[in-house]
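Coordinates in review
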Amino acid sequence: MISAASRGNVLQLARLLENNANIEERDRDGFSPLHCAACFGHEDAVRLLLENNADIAARDKEGTTPLLWAAHNGHEGAARLLLQNNADITARDNDSRSPLHYAAMNGYEGAVRLLLENNADTRRWTRCSAWRWARRSRHSPLVSSTRRQDADSPLHLAAMNGHEGAVRLLLQNNADLEARDNDGFSPLHLAAMNGHEGVVRLLLENNADTAARDNRGHTALDEMLCGGHDAVAALLLAGALRLLQLCTRALLTTVLSSLSAAVVLAAYPRNLQVLPIVSAAVERTQG
């Protein structure tokens, strides 16, 4: 059953079921046939197993349900079938990951949209860092250069991995733009430190706080400069400069304290056009 479900071999599955094969057979990782069919996106196999009363809430050794695996690998059709058969969209694995966490983390816009249409919660948190997920996943790699040991929201994960479409969908569905993880990182911090220009631009368009500091006192611009992402730096600098036009003299010194790295960046030849703006603001604080 496991092998046939993994390959999506519906004819073999049907023959096995006719011969009373165990529909809840498990492999060494606790995968059932329905887990396997959902994980690899075999919709016909998923449908057949559900018609034969496969356990839609079955969990593998990591506490992962078939819907979680379908979302993890972006199999929108399989996920839709499971949801139509009352799969629990709020189910969490052992690290509190939801289907929306998985879909957002890997940038599967179709799956993210489907889950949001079914009222997935954009403001729930995990208990496991994204890099650990990649190490433990045997079926789909996660691309992430950031080794972190923190809880994450779906928006943090989408921003960290540069998935602009998923970020846009989450923001349109009430995701918390200024949510902080255990290190004080906002989605803007994570997008900036990983050099995801499109995501940074999108977050700034939605008024992300460029002056927000993490637990080390770093702004998103500071984190970006450590990674050498000049294009992102220019975006963040432009966003921060917008604040200068709104500040009174009494507030300007405080604002500029978060722009120390930005002043250095403005000296780069490619950004000379913003240097007079920063210089004028500094003069105002000294006047």
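Residues numbered from 1 in each chain as written. Predicted model: local features only at pLDDT ≥ 70, side-chain atom pairs only at ≥ 80, totals over all residues. Heavy atoms only, no water.

The subject of this paragraph is the overall build of the chain. Scanning the chain from N- to C-terminus turns up 18 helices and zero strands. Each of the 287 residues in the chain was classed as buried or not, and the buried ones make up 52%. For the chain, restricting intrachain contacts to residue pairs at least 6 apart in sequence, the fraction spanning at least 24 positions comes to 69%. (Helix = DSSP H or I, 4+ residues; strand = E, 2+ residues; numbered from the N terminus. Buried < 20%, exposed > 50% of the residue type's maximum accessible area, 1.4 Å probe, protein only. Contact = heavy atoms within 4.5 Å.)

Moving on, we come to the packing of aromatic side chains. All told, the structure shown has one aromatic pair when counted by the stated rule. Between Phe-31 and Trp-69, the aromatic rings sit 5.4 Å apart at their centres with planes inclined by 50°, giving tilted as the arrangement. With Phe-31 in the loop between helix 2 (10–18) and helix 3 (33–39) and Trp-69 in helix 5 (residues 66–72), this pair connects stretches of sequence that are 38 residues apart. Given a relative accessible area of 2%, Phe-31 falls into the buried group. (Phe/Tyr/Trp six-rings, centres within 6.5 Å; stacked < 30°, edge-to-face > 60°.)

What follows is about helix 4 (residues 43–51). Residues lying three or four places apart along an α-helix face the same way, a consequence of the helix completing one turn every 3.6 residues. Of all the positions in helix 4, only Ala-45, Val-46, Leu-48, Leu-49 and Leu-50 are classed as buried. Elements in contact with the buried residues of helix 4: helix 1 (2–7), helix 2, helix 3 and helix 6 (76–84). Looking one or two places after helix 4, you find Asn-53, whose phi comes out positive at around 65°.

Below, the discussion takes up the pattern of salt bridges. Taken as a whole and assessed by the stated rule, the structure comprises six salt bridges. Close ionic contact of Arg-97 with Asp-93 constitutes a salt bridge, the shortest N to O distance being 2.2 Å. Asp-93 gets classed as buried once you look at its relative accessible area, which sits at 5%. Across the salt bridge formed by Glu-164 and Arg-168, the nearest N and O atoms sit 3.3 Å from each other. Of this pair, Glu-164 and Arg-168 both sit in helix 11 (residues 164–172), four residues apart, which is roughly one turn of the helix. Where salt bridges share partners, they join Asp-93, Asp-95 and Arg-97 into one cluster. (Salt bridge = Lys/Arg side-chain N within 4 Å of Asp/Glu carboxyl O.)

Residues given the UniProt feature "repeat: ANK" (unreviewed entry) here are residues 29–61, 62–94, 95–127, 150–182 and 183–215. Helix and strand shares over residues 29–61 are 48% and 0% respectively, and the end C-alpha atoms of the span are 6 Å apart. Taken end to end, residues 62–94 has its terminal C-alpha atoms 6 Å apart, with 48% of it in helix and 0% in strand. (UniProt positions renumbered as here; feature names shortened; annotations may be inferred.)

Right, let's talk about the packing of helix 2 against helix 4 for a bit. Viewed as axis vectors pointing N to C, helix 2 and helix 4 meet at an angle of 15°, and their least axial separation amounts to 10 Å. Considering their axes alone, helix 2 and helix 4 lie roughly parallel with respect to each other. Taken as a pair, helix 2 and helix 4 cross one another with a handedness that is right-handed. Packed against helix 2, whose contacting residues are Val-10, Leu-13, Ala-14 and Leu-17, the element helix 4 presents Asp-44, Ala-45 and Leu-48 at the interface. In terms of residue class, the contact of helix 2 with helix 4 is made up of six nonpolar, no polar and one charged. (Axes fitted to C-alpha atoms, helices over the stretch in contact; angles between N-to-C directions. Parallel < 35°, antiparallel > 145°, perpendicular 65-115°, else oblique. Left-handed = near helix turned anticlockwise from the far one by under 90°. Nonpolar A, V, L, I, M, F, W, Y, C, P; charged D, E, K, R; others polar.)

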